[in-house]
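Spelled out from the first residue to the last, the chains are:
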Amino acid sequence: MMMRRSVLFLPLLLTGCGFLSSKPSTFYSLDRIPPPVAAAGIRGLPIGVDVVLPPGLNRKEVVARQANHQLEIRGREQWTATLQPLVLHTLAFDLAARLPEGMVILPGQAKPDGAMRSLDVVVEELAAGPEHSVVLDARWTIHEAGRPDVAGREHIVADIAGLDSTNIATGMSNAIATLADHIVGQLK
């Protein structure tokens, strides 16, 4: 009877040891990229930014596309939050670095009492792979009361050295900065 309990307990003990020695998760964030040149002569109402990502993109795990329409979901390699707030914050701060001070209402800031513009960004794709690149497809529209909307559609490809998660984070950061550059270019 004692032997039988020992035989049953041994696999549980070995499984527990394997669980305790598992690798911890690695966390990644998106970086703000400084503008290549300072924007000059841009004026106007403050801009509030909103970003929408499709549900399949808005996750914590880093994902890489593979051949044959498959995804590699890296459960132990994660963003510091779901991707939507990371993209929103990165884009808003990239825009703020490119525009005059106070022109971008950053996430968490109070909206001004007076008139303002809104920038709505719909991300259709933000993915790495299967080639060594990150692709960002987005539609954006700037709304201002009493004026026609300014809109754009962007297809941005950021080449990366490989499909490891660090390169994916760098590629996504560069793609978002390029999106900010394109939007600022339409405000001139």
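Keep in mind it's a predicted model, so treat the numbers as computed, not measured.

J.: Looking at this structure, I do not really get the packing of aromatic side chains. What am I missing?
T.: Aromatic rings considered in pairs are described by the distance between their centres and by the relative angle of their planes. Per the counting criterion, the structure on display carries 0 aromatic pairs. The ring of F93 has R32 sitting right over it, with the charged end atom 3.8 Å from the ring centre.

J.: Honestly, the environment of D159 in this entry has me stumped. Any pointers?
T.: Along the chain, D159 turns up in strand β8 (residues 150-159). When its relative accessible area of 67% is taken as the criterion, D159 is described as exposed. In the structure, D159 is positioned 15 residues away from N174 in sequence and 9.2 Å away in space, judged by C-alpha atoms. Contacts of D159, omitting those with residues within four sequence positions, involve H132 and S133.

J.: Where do I start with the packing of helix α2 (residues 83-98) against helix α3 (residues 165-187) in this structure?
T.: In a packed pair of helices, the relevant descriptors are the angle between the two axes and the axis-to-axis distance. Relative orientation of the contacting elements α2 and α3 amounts to 50°, with a least axis distance of 9 Å. Put simply, α2 runs oblique to α3. Both α2 and α3 take part in a crossing whose hand is right-handed. Within the contact between the two elements, α2 uses V87, T90, L91, D94, L95 and R98 and α3 uses S173, I176, A177, L179, A180, D181, I183 and V184. For the contact of α2 with α3, a count of residues per class yields 9 nonpolar, 2 polar and 3 charged.

J.: Would you take a moment to explain the pattern of salt bridges for this structure?
T.: If charged atoms from side chains of opposite charge come close, those side chains can pair. Here the structure, examined in full by the defined rule, presents 8 salt bridges. One salt bridge connects E72 with R74, and the closest N-O pair in it is separated by 3.3 Å. Under the relative-accessibility criterion, E72 is labelled partly exposed at 32%. Residues joined by salt bridges that share partners form a network here, namely E72, R74 and E77.

Reading guide: rules and limits
- Residues numbered from 1 in each chain as written.
- Predicted model: local features only at pLDDT ≥ 70, side-chain atom pairs only at ≥ 80, totals over all residues.
- Heavy atoms only, no water.
- Phe/Tyr/Trp six-rings, centres within 6.5 Å; stacked < 30°, edge-to-face > 60°.
- Lys NZ or Arg CZ within 6 Å of the ring centre and 35° of its normal.
- Helix = DSSP H or I, 4+ residues; strand = E, 2+ residues; numbered from the N terminus.
- Buried < 20%, exposed > 50% of the residue type's maximum accessible area, 1.4 Å probe, protein only.
- Contact = heavy atoms within 4.5 Å.
- Axes fitted to C-alpha atoms, helices over the stretch in contact; angles between N-to-C directions.
- Parallel < 35°, antiparallel > 145°, perpendicular 65-115°, else oblique.
- Left-handed = near helix turned anticlockwise from the far one by under 90°.
- Nonpolar A, V, L, I, M, F, W, Y, C, P; charged D, E, K, R; others polar.
- Salt bridge = Lys/Arg side-chain N within 4 Å of Asp/Glu carboxyl O.

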